[in-house]
Amino acid sequence: QQQVKQSPQSLIVQKGGISIINCAYENTAFDYFPWYQQFPGKGPALLIAIRPDVSEKKEGRFTISFNKSAKQFSLHIMDSQPGDSATYFCAASRNTGFQKLVFGTGTRLLVSP
Amino acid sequence: KAGVTQTPRYLIKTRGQQVTLSCSPISGHRSVSWYQQTPGQGLQFLFEYFSETQRNKGNFPGRFSGRQFSNSRSEMNVSTLELGDSALYLCASSPQTPHQETQYFGPGTRLLVL
């Protein structure tokens, strides 16, 4: 019930293309869904986050699509750039006041020039 | 504001030893969480502290412990190190106000156990 499943494990996209990463969760008590970006040697950095009361959130080239009934959410990176090459993690947490993020297994994205 | 800082950045220990890692949260943040990151298990929650109290604990053995000081700085300790404890240990802080649960991560401490 605490798992967040993420796919694909790795992704290669050409510059200018769209990168799509998918996540699925089981625990319907989750109500906060962030995406983190991690570069080698660095800690994860928050990219964008969504709550279940909206189906989509866009910030620049990054969009989260959220399907509450399917318990799935995805990250879309439009006009992907080589600088986007990093590992992306989806996560989920419950609004219990406790700061416990359950992370997906990560997607290694490579954007080829 | 300065980000989350962690010291040391790199550490090499041998089996059976113990280690203490330190984390300074972003100024004003009262919640500090610790995560272990390994290639096999990914990012796993260790524990979270708020106002010097442990509020939540992940599924790790008792060899892993932590504490938080009155200035919100936190330390985690691993005793009787095992080879499998080799990992990147990440600290994250949060302002912990309603709808402000974003966690900001530090660069991590990379621990190698030989």
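Just above sits the structure.
Calculation rules
Residues numbered from 1 in each chain as written. Chains lettered and ligands numbered in written order. Predicted model: local features only at pLDDT ≥ 70, side-chain atom pairs only at ≥ 80, totals over all residues. Heavy atoms only, no water. Core = buried A, V, L, I, M, F, W, Y, C linked by side-chain atoms within 4.5 Å. Buried < 20%, exposed > 50% of the residue type's maximum accessible area, 1.4 Å probe, protein only. Helix = DSSP H or I, 4+ residues; strand = E, 2+ residues; numbered from the N terminus. Pairing = 2+ DSSP bridges. Axes fitted to C-alpha atoms, helices over the stretch in contact; angles between N-to-C directions.

**Some words on the nonpolar core**
In summary, soluble globular proteins display a tendency toward joint burial of nonpolar side chains.
Link 1 in the chain: Among the nonpolar cores identified, the biggest contains 25 residues, and Val 4, Phe 33, Trp 35, Phe 73, Leu 75 and Tyr 88 of chain A are the most heavily contacted of them.
Link 2 in the chain: When residues of this core are traced back to their parent elements, those giving at least two are β2 (10-14), β3 (19-25), β4 (30-38), β5 (45-50), β7 (62-67), β8 (72-77), β9 (86-94) and β11 (107-112) of chain A.
Link 3 in the chain: Looking at this core, the element that brings in the most residues is β9 of chain A, giving four residues.
Link 4 in the chain: Core analysis: the second largest hydrophobic core is formed by 21 residues, Phe 60, Leu 81, Leu 111 and Val 113 of chain B among them.

**Considering the sheet that holds strand β8 (residues 74-78) of chain B**
All names here are of chain B.
Link 1 in the chain: One open sheet holds the four strands; their spatial order is β1-β3-β8-β7, and the pairing between them is antiparallel. Of all the strands in the sheet, just β1 (5-7) and β7 (64-68) have a single pairing partner and so form its edges. Each strand of the sheet is rotated relative to its neighbour by a mean of 20 degrees, with strand direction disregarded.
Link 2 in the chain: Of the strand pairs in this sheet, strand β3 (residues 19-24) and β8 are connected by five bridges, and their pairing is antiparallel. The partner of Leu 21 across the bridge, within β8, is Met 76.

**Let's talk about the environment of Val 102 of chain A**
Link 1 in the chain: Mapped onto the fold, Val 102 of chain A is located in strand β10 (residues 102-103).
Link 2 in the chain: A C-alpha to C-alpha distance of 7.0 Å links Val 102 of chain A and Gln 3 of chain A, two positions 99 residues apart in sequence.

**A closer look at unusual backbone geometry**
Negative phi characterises most residues that are not glycine, and trans characterises most peptide bonds.
Link 1 in the chain: In this chain, Ser 7 of chain A is followed by Pro 8 of chain A through a cis amide linkage whose omega measures -5 degrees.
Link 2 in the chain: Between Thr 7 of chain B and the following residue, Pro 8 of chain B, the backbone shows a cis peptide bond with an omega angle of -10 degrees.
Link 3 in the chain: Following the sequence through the fold, Pro 8 of chain B ends up in the loop between β1 and β2 (10-13).
Link 4 in the chain: In the Ramachandran plot, Thr 80 of chain B falls in the positive-phi region, its phi being about 45 degrees despite a non-glycine side chain.
Link 5 in the chain: Here Thr 80 of chain B lies in the loop between β8 and β9 (87-94).

**Some remarks on the sheet that holds β8 of chain A**
Residue and element names in this part refer to chain A.
Link 1 in the chain: The five strands lie next to each other as β1-β3-β8-β7-β6, forming an open sheet whose pairing is antiparallel. Strand pairing shows two members of the sheet lacking a second neighbour, β1 (4-7) and β6 (56-59), which therefore form its edges. Put simply, the sheet's adjacent strands are angled 15 degrees from each other on average, direction ignored.
Link 2 in the chain: As defined by bridge partners, β3 adjoins β8 across six bridges and the pair is classed as antiparallel. The partner of Ala 24 across the bridge, within β8, is Gln 72.

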